[in-house]
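Close look at the chain arrangement
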Amino acid sequence: MKSKAERIKQMKVPAIDPALAKRLPPGQVLTERFPILHEGDVPEYDMKQWSLRVFGQVDQERTWTYEEIMAMPQTTIHCDIHCVTRWSRFDNSFTGVRFRDFLEAMGIEPRGEYVMLHGDNDYTANVPLRDLLGDDVLLAHSFDGEPLTPKHGWPLRVIVPHLYFWKSVKWLRGIEFLQENQAGFWEQNGFHLNGDPFLEERFSGEALPIPEDEWEKKEFD
Ligand SMILES: Nc1nc2c(c(=O)[nH]1)N[C@H]1C(S)=C(S)[C@@H](COP(=O)(O)O)O[C@H]1N2
Ligand SMILES: [Mo]
């Protein structure tokens, strides 16, 4: 797994169009594709069995059904997304439940300041709680007004537009509140604990020149 970080470090740094610099984070390439990136297979679900588990530093651990989540206040956001493998995609529209509305609707009072997001299959990403409380952080079920495709994370994925897209966990199944920050899957494998694209927080090691075309070889739609 370490090799992914190593490979990206080896890649050439693309030139940035100054006109886009404000909106396009350093070292990113704009694309109109929607690449598909994940570890393992796309999970299949029986939605009668599906649940979202909230656990860790909360007064009461419990699980929620898809119906309960779909009945919460819905928000549509327009955002840019930035993958650490260097593609950025502007003007995406996602619909779902704001993370902070989810906490409110559920009456959840987290005690910890950190969150571990758990997705199938055994994927994790850590995010400080404060990063999840903004207007545009969603538990999303739809893209462009249509249900997410399974490859893009249906039935439920996180969208955290202001961090690299590896933090936007697909096939979300668990939200774990923590007192202390812990490293998730990519964070344990050479990637940055925070992952702010405008600060180019790509790697946990030394900041080296970066990629260009790894993402172009991925599936996309
Ligand atoms: N469950 C899960 N979520 C995941 C991943 C994964 O491997 N498993 N990959 C992450 C990475 S690295 C990226 S770039 C985005 C890609 O989302 P997309 O396939 O919809 O473009 O999903 C993120 N969420
Ligand atoms: Mo990624």
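As a reminder, the structure under discussion sits directly above these lines.
Let us look at the structure shown here. (Residues numbered from 1 in each chain as written. Chains lettered and ligands numbered in written order. Predicted model: local features only at pLDDT ≥ 70, side-chain atom pairs only at ≥ 80, totals over all residues.)

Comments concerning the overall build of the protein
Applicable threshold: Runs of E in the DSSP output that reach at least two residues are strands. Runs of H or I that reach at least four are helices, and both are numbered from the N terminus. Between the two quantities, the radius of gyration covers C-alpha atoms and the globule rule is 2.2 Å times the number of residues to the power 0.38. Exposed residues have 12 or fewer other C-beta atoms within 10 Å of their own C-beta, buried residues have 20 or more, and partly exposed residues fall in between, where C-beta atoms are placed from the backbone.
Counting secondary structure elements, the protein contains three helices and eleven strands. A compact globule built from 221 residues should have a C-alpha radius of gyration of about 17 Å, and the protein, at 17 Å, falls within 12% of that. Principal-axis analysis of the C-alpha atoms places the extent of the protein at approximately 50 × 35 × 30 Å. Among the 221 residues that make up the protein, the fraction classed as buried is 33%.

Quick word on unusual backbone geometry
Excluding glycine, residues mostly carry a negative phi; peptide bonds, for their part, are mostly trans. Here the residue pair aspartate 120 and asparagine 121 is connected by a cis peptide bond, since its omega of -10° sits within 30 degrees of zero. Across the junction of tryptophan 154 and proline 155, the peptide omega takes the value 15°, indicating a cis bond. Looking at the secondary structure, you find proline 155 in the loop between β9 (146-147) and β10 (157-159). Phi is positive for aspartate 91, which is not a glycine, with a value near 60°.

Brief notes about the site of ligand 1
Keep this limit in mind: Only the C-beta atom matters for this test: placed from the backbone, it must lie within 6 Å of a molecule or strand for the residue to be near it. Residue type decides the class: Asp, Glu, Lys and Arg count as charged, Ala, Val, Leu, Ile, Met, Phe, Trp, Tyr, Cys and Pro as nonpolar, and the leftover types, Gly among them, as polar.
Residues in contact with ligand 1 amount to 18 residues; listed here are only the nearest, His38, Gly119, Tyr123, Trp166 and Lys170. Here the shell around ligand 1 is composed, by residue class, of ten nonpolar, five polar and three charged.

Description of the pairing of strand β4 (residues 75-82)
Worth spelling out the cut-off: Following DSSP output, two strands are said to pair if at least two bridges run between them.
Where β4 meets strand β5 (residues 87-98), seven bridges bridge the pair, whose relative direction is antiparallel. Within β5, the position partnered with threonine 76 by the bridge is threonine 95.

Some details on helix α3 (residues 99-106)
Applicable threshold: Summarising the geometry, the arc corresponds to the directions from the helix axis toward the C-beta atoms. In this description, any two residues whose backbone-derived C-beta atoms lie within 7 Å of each other are considered to be in contact.
Where α3 is concerned, the buried positions are Phe99, Phe102 and Leu103. Along α3, the residues classed as buried sweep out an arc of 100° about the axis, all on the same side. The inward-facing, buried residues of α3 abut β5 and β8 (138-143). Among the residues trailing α3, glycine 107 stands out with phi positive, at a value near 65°.

Remarks on the environment of glutamate 44
Turning to its location among the elements, glutamate 44 is positioned in the loop between β1 (29-30) and β2 (52-56). Along the sequence, glutamate 44 and tryptophan 154 sit 110 residues apart, while their C-alpha atoms lie 9.5 Å from each other.

So, the sheet that holds strand β7 (residues 123-128)
As a reminder, the rule being used: In this description, a line fitted to the C-alpha atoms serves as the axis of each element, helices being fitted only across the stretch in contact, and the angle between N-to-C directions of two axes falls anywhere from 0 to 180 degrees.
Taken in spatial order, the five strands of this open sheet run β3-β2-β11-β6-β7, and their pairing is mixed. The open sheet has two edge strands with one neighbour each: β3 (62-64) and β7. Direction aside, the axes of adjacent strands within the sheet are offset by 20° on average. Pairing analysis gives six bridges linking strand β6 (residues 114-119) to strand β11 (residues 172-178), with the strands arranged antiparallel. Looking at β11, one finds that glycine 119 is bridged to leucine 172.

Some details on the nonpolar core
To keep it simple, the criterion reads: Any set of buried Ala, Val, Leu, Ile, Met, Phe, Trp, Tyr and Cys residues joined through C-beta atoms within 7 Å is what this text calls a nonpolar core.
Grouped together as the largest cluster of nonpolar side chains are 43 residues, with contacts concentrated most on Val115, Leu117, Leu138, Leu139 and Leu172. The set of elements that each furnish at least two residues to this core consists of β2, β5, α3, β6, β7, β8, β10 and β11.

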